[in-house]
Amino acid sequence: MNPVIVNDIHKHYGDVQALRGVSFEAGRGEIFGIIGPDGAGKTSLFRIMTTLILPDSGTCRVAGFDVVKEYKEIRKRVGYMPGRFSLYQDMSVEENLTFFAAVFGTTIEENYHLVADIYRQIEPFKTRRAGKLSGGMKQKLALCCALIHKPEVLFLDEPTTGVDPVSRKEFWEMLKRLKAEGITMVVSTPYMDEARLCDRIALIKDGRFLGIDKPNNITASFRTPLWAAKSQHMYHLLNDLRAYPDIDNCYVSGEYHHFTTRGEGFDTDALNRYLTSKGHAAEVKQIEATIEDCYMHLAKTASRESE
Amino acid sequence: MKEFLAFVRKEFYHILRDRRTMLILLGIPVVLIILFGFALSTEVRNVDMAILSAEPDNTVRQIAQRLDANEYFTVKEFLDSPSDIDRVMRSGEVDAVLVFEPGFSDKLFTPEGPQLQIVADASNATMAQSYMAYISAVVGQYFEEQMPEGQATGIVPNVVMLYNPQMKSSYNFVPGIMGLILMLICAMMTSIAIVREKETGTMEVLLVSPMKPIYIILSKMTPYFVLSCVNLVTILLLAIFVLRVPVHGSMAALISISLLYIFTSLALGLLISTVSDRQVIAMMVSALMLMVPTMLLSGMLFPIESLPPILKVLSNILPATWYISAARKLMIAGLPAVSALKETLVLAGMAVFLLTVSMKKFKNRLE
């Protein structure tokens, strides 16, 4: 049986529907990514999986136990790193780790091999108060604390938000090593570029999964031609592109605007002439789809279907 | 057990590293005791008096001397006519005038006795009442000593101040302050400590661990229990050696009921923490629902007997009411420990009730 089985979970807060029927399974030693913007329902899903809140309907089993009835068993077997930094800021690095080891009935020595790679990086600062660490250091310490009892499943809610690019890269390398230990990981992130580092990903929007697959399969399934454009007036360019009849979906993506087109045989020369007449010195090129493009495309399709 | 100890150690780190809060926690009792003991007293001191008598004979003079010799009174002047009373009272020269009727001394041995009037500035009613009582006491004592046995005329009531013959207000305040401080520290600090974990998000991590909620709760209570014991010792030492409040009853009984009261307050703090999810709310609830009623309704400042019926009911559900009453019996009145049995039972009942309710209400999840 898979360590994480989520089946048709619904959850609402007052009038707000946070999750509208979410299902997935994550296998042993798999890094399962949940990708989506803020407010898409990621944290609610994590809190249901970690037994912190109850779903309105649907079932969820973690490490073989039901999140509602057998929550105590789950709490012994999982590691959880919440979205915001949740360690004791007035305690030192070492004190935090010792405390969390004790809470789980273990010691640092017992599972040192699990956290060794990560802990070695923060060990030089072990007497420093956790509140005085840099963002990347904090996340590494939080990961150590979540790992110290050798959990079967690790839940990481936006572990790299607010962390510099170098630390983010290091963080993902650590997750890769934990995978070799057979630990199942469910990771959420708003960064689309991190999606490629997961074994499988689910794209989430407004409490619904838009698709679940390996990152490569998701980008490969993007069949519509995709274009990128930029000019000296990016804001006007966005409006002008959206006004152009053959352009279907146009959105901002980094320094370019990406867009898909309607029908076969898109005439780039005609577009260039149109943009020049609008006063743009535009650069237009065809590109390969990224996860972000797939997300935008699927989100657009989903909202059209619901209308 | 190891988990529990690690948790308690963690709580001590939090308290010891927050220097400012700790200073307040340990400083409050000292400041309050000294404030109430010396500065904020309802004792009457430096009362300026005038004596009005048509014929200031020996008796009048002796009474005036008695009053002047008393540390609370100063006899400023002798007046001749009743019209002077208004003048000296209005100008604020004196706070009270003792009026002897004409022929006072002669009437002493008549069946109806002479009349003695005390005119007092009642703009501060409490003050006026207490120095009127003092004056009567001083005059009463004079007659008791001067008049031959059986000839006392009964003009002055014979007032006996039991337990606190000097009417020292510190006798009254010390048990009250103990009730207030222990309640404040235990209830407010425990509730804030638990709510802080919710606010910073660490509660989320603690809940997703095998740690039993009862351990979380007990380990939160332990350090504040210790801290409150330190405060209890401070207050008792200050009361006994600085304010010279005697402990007439059994010290062991007093300490036992104080520990019970501390425990009840901790349980109350726990209950507050289960209903609030922000430190500010926990603080407001503790301040408004505990501190104010404790000060006003527990008998600390105002006697419970003079409260309207509805407030009397409220007063009865305050743990401080029972504790203060027990502490007064044991400290000031020096009654045997058995006399505080009712208070002990009530406090124990409250502790069990509060603890059960807050255990039930303690959330295993975030919502």
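By convention here, each chain's residues receive numbers from 1 onward along its written sequence. Naming scheme: in the order in which they are written, chains are lettered from A and ligands are numbered from 1. Predicted model: local features are reported for residues with pLDDT of at least 70 only, side-chain atom pairs are reported and counted for 80 or more only, and whole-chain, interface and lining totals are derived from all residues. The side-chain values count all of the structure's non-hydrogen atoms but skip hydrogen atoms and water molecules.

S.K.: Would you explain the overall build of chain B in this entry?
M.R.: Secondary structure follows DSSP: runs of H or I at least 4 residues long count as helices, runs of E at least 2 residues long count as strands, and numbering of each begins at the N terminus. When you go through chain B residue by residue, the secondary structure sums to 14 helices and four strands. Each radius of gyration is computed over the set of C-alpha atoms, and the globule rule expresses the reference value as 2.2 Å times the number of residues to the power 0.38. In terms of overall dimensions, chain B is more spread out than a globule: its C-alpha atoms have a radius of gyration of 27 Å, far above the 21 Å expected for 367 residues. Dimensions of chain B, computed from the C-alpha atoms along their principal axes, are close to 90 × 45 × 40 Å. Think of it in three bands: with a 1.4 Å probe and only protein chains considered, a residue is buried below 20% of the maximum accessible area for its type, exposed above 50%, and partly exposed in between. Taken across its 367 residues, chain B has 46% of its residues classed as buried. Accessible surface for chain B amounts to roughly 17800 Å². Of this, 64% is attributable to carbon and sulfur atoms. For chain B, the distance from the average position of its 28 positive side-chain charges to the average position of its 29 negative side-chain charges is 21 Å. Each accessible area value is a Shrake-Rupley result obtained with a 1.4 Å probe; residue values ignore everything except the protein chains displayed when judging cover. Just so you know, the count uses Lys and Arg for positive and Asp and Glu for negative, and it drops His and the chain ends. One atom stands in for each charge, and that atom is NZ of Lys, CZ of Arg, CG of Asp or CD of Glu.

S.K.: What exactly am I supposed to notice about helix α1 (residues 2-17) of chain B here?
M.R.: For an α-helix the count is 3.6 residues per turn, leaving residues at separations of three or four pointing the same way. The first and last C-alpha atoms of α1 of chain B sit 22 Å apart over 16 residues, in line with the 22 Å expected at 1.5 Å per residue. Looking only at α1 of chain B, the buried set comprises F4, A6, F7, V8, K10, E11, H14 and I15 of chain B. Residue count minus one, scaled by 1.5 Å, sets the expected span of a helix.

S.K.: Would you explain the sheet that holds strand β3 (residues 96-100) of chain B in this entry?
M.R.: Through backbone hydrogen bonds, the strands of a sheet pair up, either in parallel or in antiparallel fashion. Residues and elements named next belong to chain B. What makes two strands pair is DSSP finding at least two bridges between them. What the four strands build is an open sheet, ordered β2-β1-β3-β4; its pairing is mixed. With partners counted over all chains shown, the strands left at the sheet margins are β2 (73-79) and β4 (116-120), one partner each. Taken over all neighbouring pairs, the strand axes of this sheet differ in orientation by 25° on average, direction set aside. By the bridge criterion, five bridges tie β3 to β4 in an arrangement that is antiparallel. If you follow L98 over to β4, its bridge partner there is I118. Geometry is summarised by axes, namely lines fitted to C-alpha atoms with helices restricted to the contacting stretch, and by angles between N-to-C directions that run from 0 to 180 degrees.

S.K.: Got a minute to help me understand the interface of chain B and chain A in this structure?
M.R.: For interface size, the figure often reported is the accessible area lost on association. Throughout, a contact is declared for two residues whenever any of their heavy atoms are within 4.5 Å. Each partner contributes residues to the interface: chain B has 26 residues there, and chain A has 33 residues. Here's the idea: put two parts together, see how much 1.4 Å probe accessible area each one loses, and the total over both is what we call buried area. Between chain B and chain A, the buried area comes to about 2700 Å², and carbon and sulfur atoms account for 58% of it. If you sort the residues of chain B by the area they bury against chain A, R17, V208 and R365 of chain B come out on top, with a joint share of 26%. What counts as a salt bridge is simple: a side-chain nitrogen of Lys or Arg found within 4 Å of a carboxyl oxygen of Asp or Glu. Where chain B touches chain A, the interface holds two salt bridges. For R17 of chain B, the salt bridge is made with E95 of chain A, and the minimal N-O distance between the two is 2.7 Å.

S.K.: Can you walk me through the packing of helix α9 (residues 213-242) of chain B against helix α10 (residues 251-275) of chain B in this structure?
M.R.: Two numbers describe a pair of packed helices, the interaxial angle and the distance between the axes. Residues and elements named next belong to chain B. It is the contact of α9 with α10, at a shortest axis distance of 10 Å, that shows an interaxial angle of 140°. Put simply, α9 runs oblique to α10. For the crossing formed where α9 meets α10, the hand is right-handed. Of α10, the residues touching α9 (which contributes I217, M221, Y224, F225, S228, C229, L232, L236 and I240) are M251, L254, I255, S258, L259, I262, F263, L266, A267 and L270. The labels follow the angle: roughly parallel below 35 degrees, roughly antiparallel above 145, roughly perpendicular from 65 to 115, and oblique for the rest. In a left-handed crossing the near helix is turned counterclockwise from the far helix by less than a right angle, and in a right-handed crossing that turn is clockwise.

S.K.: Help me understand the domain arrangement of chain A in this model?
M.R.: Note that domain bounds follow an automatic or database assignment of domains. According to the domain assignment, chain A contains domain 1 (4-219) and domain 2 (223-288). Between the C-alpha centres of domain 1 of chain A and domain 2 of chain A there is a distance of 39 Å.

S.K.: Explain the sheet that holds strand β5 (residues 65-66) of chain A to me, please; I cannot follow it from the model alone.
M.R.: All names here are of chain A. A sheet is described by the order of its strands in space; here four strands give the open sequence β2-β1-β4-β5, paired in antiparallel fashion. Edge positions in the open sheet fall to β2 (16-26) and β5, since each of these has one partner strand only. Bridge count for strand β1 (residues 4-13) against β2 is eight bridges, and the pairing is antiparallel. Within the sheet, the bridge partner assigned to V6 lies in β2 and is F24. Against the sheet, helix α1 (residues 42-49) engages β1, β2 and β4 (57-62), with an angle of about 60° to β2.

S.K.: Help me out: how do you make sense of a nonpolar patch on the surface in this one?
M.R.: Residue and element names in this part refer to chain B. On the surface, V280, M284, L288, M289, V292, L296 and F302 cluster together to form a nonpolar patch covering roughly 690 Å² of accessible area. Inspection of the secondary structure assignment puts L288 in helix α11 (residues 279-297). Take L288: its relative accessible area is 54%, and that puts it in the exposed class. The patches reported here contain residues having more than 30% relative accessible area and no salt bridge. Joining distances are 9 Å for like charges and 5 Å for nonpolar side chains (Val, Leu, Ile, Met, Phe, Trp, Tyr).

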